[in-house]
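# Descriptive structure summary
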Amino acid sequence: QVQLVESGGGLVQAGGSLRLSCAASASIFSINVLSWYCQAPGKERELVAAIALSNSTYYADSVKGRFTISRDNAKDTLYLQMNSLKPEDTAMYYCAAGIVVGWPDYWGQGTQVTVSS
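In this structure, alanine 14 sits in the loop between strand E2 (10-13) and strand E3 (18-24). Given the relative accessible area of 40%, alanine 14 is considered partly exposed. Sequence separation between alanine 14 and lysine 86 is 72 residues; the distance between their C-alpha atoms is 5.1 Å. Aside from chain neighbours lying at most four places away, what touches alanine 14 is Leu85, Pro87, Val115 and Ser116.

As structure tokens, this is what we get:
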């Protein structure tokens, strides 16, 4: 039973940066995969990035080279560093946790990221 709480979203100009955080209620040493998803209005929720206990990572092609996912197991926290933000990055961003990539068992409430031109 894991609760996830995101923070760090906001309004930024194109080219700017944000750092999203996701605090877990349980030790993330016991969670195999932590992920970030995004969902824009009228769009399906999409996987942005994922990180395993091994620190192996996955990134969607659209964010490679711009976003970095990391996990601090001692602090039970997941991060997403978002650089060189584009207006098309505008979406609600959700933290997720589970055993298998693409099939989360737990979701956070989301944090809004808005990138202006």
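Still more to cover.
Taking strand neighbours across the sheet as the criterion, the four strands line up as E1-E3-E8-E7 in an open arrangement whose pairing is antiparallel. Among the strands making up the open sheet, the edge pair consists of strand E1 (4-7) and strand E7 (67-72). In this sheet, neighbouring strand axes are inclined to one another by 15° on average, regardless of whether the strands run parallel or antiparallel. Of the pairings in the sheet, the one linking E3 to strand E8 (residues 77-82) comprises six bridges and is antiparallel in character. For arginine 19, the partnering residue across the bridge sits in E8 and is glutamine 81.

Let us now look at the state of the cysteines. Considering all chains together, one arrives at one disulfide under this definition. Two residues, cysteine 22 and cysteine 95, share a disulfide whose sulfurs are 2.0 Å apart. Where cysteine 22 bonds to cysteine 95 through sulfur, the torsion about that S-S bond is close to -75°, and the disulfide is left-handed. One end of the pair, cysteine 22, is in strand E3; the other, cysteine 95, is in strand E9 (residues 91-98), and 73 residues separate them in sequence. Unpaired in this structure, cysteine 38 has its nearest cysteine sulfur neighbour in cysteine 95, at a distance of 14 Å. A relative accessible area of 15% means that cysteine 38 is categorised as buried.

Let us now look at the packing of aromatic side chains. Enumeration over the complete set of coordinates arrives at two aromatic pairs. Judged by centre distance (6.5 Å) and plane angle (85°), the ring pair of tyrosine 94 and tryptophan 107 falls under edge-to-face. Of this pair, tyrosine 94 sits in strand E9 while tryptophan 107 is found in strand E10 (residues 106-107), placing the two residues 13 residues apart along the sequence. Three or more aromatic residues link up through ring pairs in this structure, and these residues are Tyr37, Tyr94 and Trp107. Sitting above the plane of the tyrosine 94 ring, arginine 45 keeps its charged end 3.7 Å from the centroid. The cationic tip of arginine 45 hangs over the ring face of tryptophan 107; the distance from NZ or CZ to the ring centre is 4.6 Å.

Rules and cut-offs
- Along each chain, the written sequence defines residue order, and numbers are assigned to residues from 1.
- Per-residue local features of the predicted model are confined to residues with pLDDT of at least 70, and side-chain atom pairs are confined, for both listing and counting, to 80 or more; whole-chain, interface and lining totals are unaffected and use all residues.
- To get the side-chain values, take all heavy atoms of the structure and skip hydrogens and water.
- Counting from the N terminus, the helices are the DSSP runs of H or I reaching at least four residues and the strands are the DSSP runs of E reaching at least two.
- Residue exposure (1.4 Å probe, protein chains only): buried if accessible area is under 20% of the type maximum, exposed if over 50%, otherwise partly exposed.
- Contacts: residue pairs with any heavy atoms within 4.5 Å of one another.
- Any two strands are treated as partners once DSSP identifies two or more bridges connecting them.
- Only the stretch in contact is used when fitting a helix axis, every axis being a line fitted to C-alpha atoms; angles between N-to-C directions are given from 0 to 180 degrees.
- Sulfur atoms of two cysteines make up a disulfide when they are within 2.5 Å.
- A pair of aromatic rings is counted whenever rings of Phe, Tyr or Trp (Trp by its six-membered ring) have centres within 6.5 Å, and the orientation is called stacked for planes under 30 degrees apart, edge-to-face for over 60 and tilted otherwise.
- Throughout this description, the term charge over a ring refers to an Arg CZ or Lys NZ atom that lies within 6 Å of the ring centre and within 35 degrees of the ring normal.

Keep in mind that these numbers describe shape and distance, not what the molecule does.
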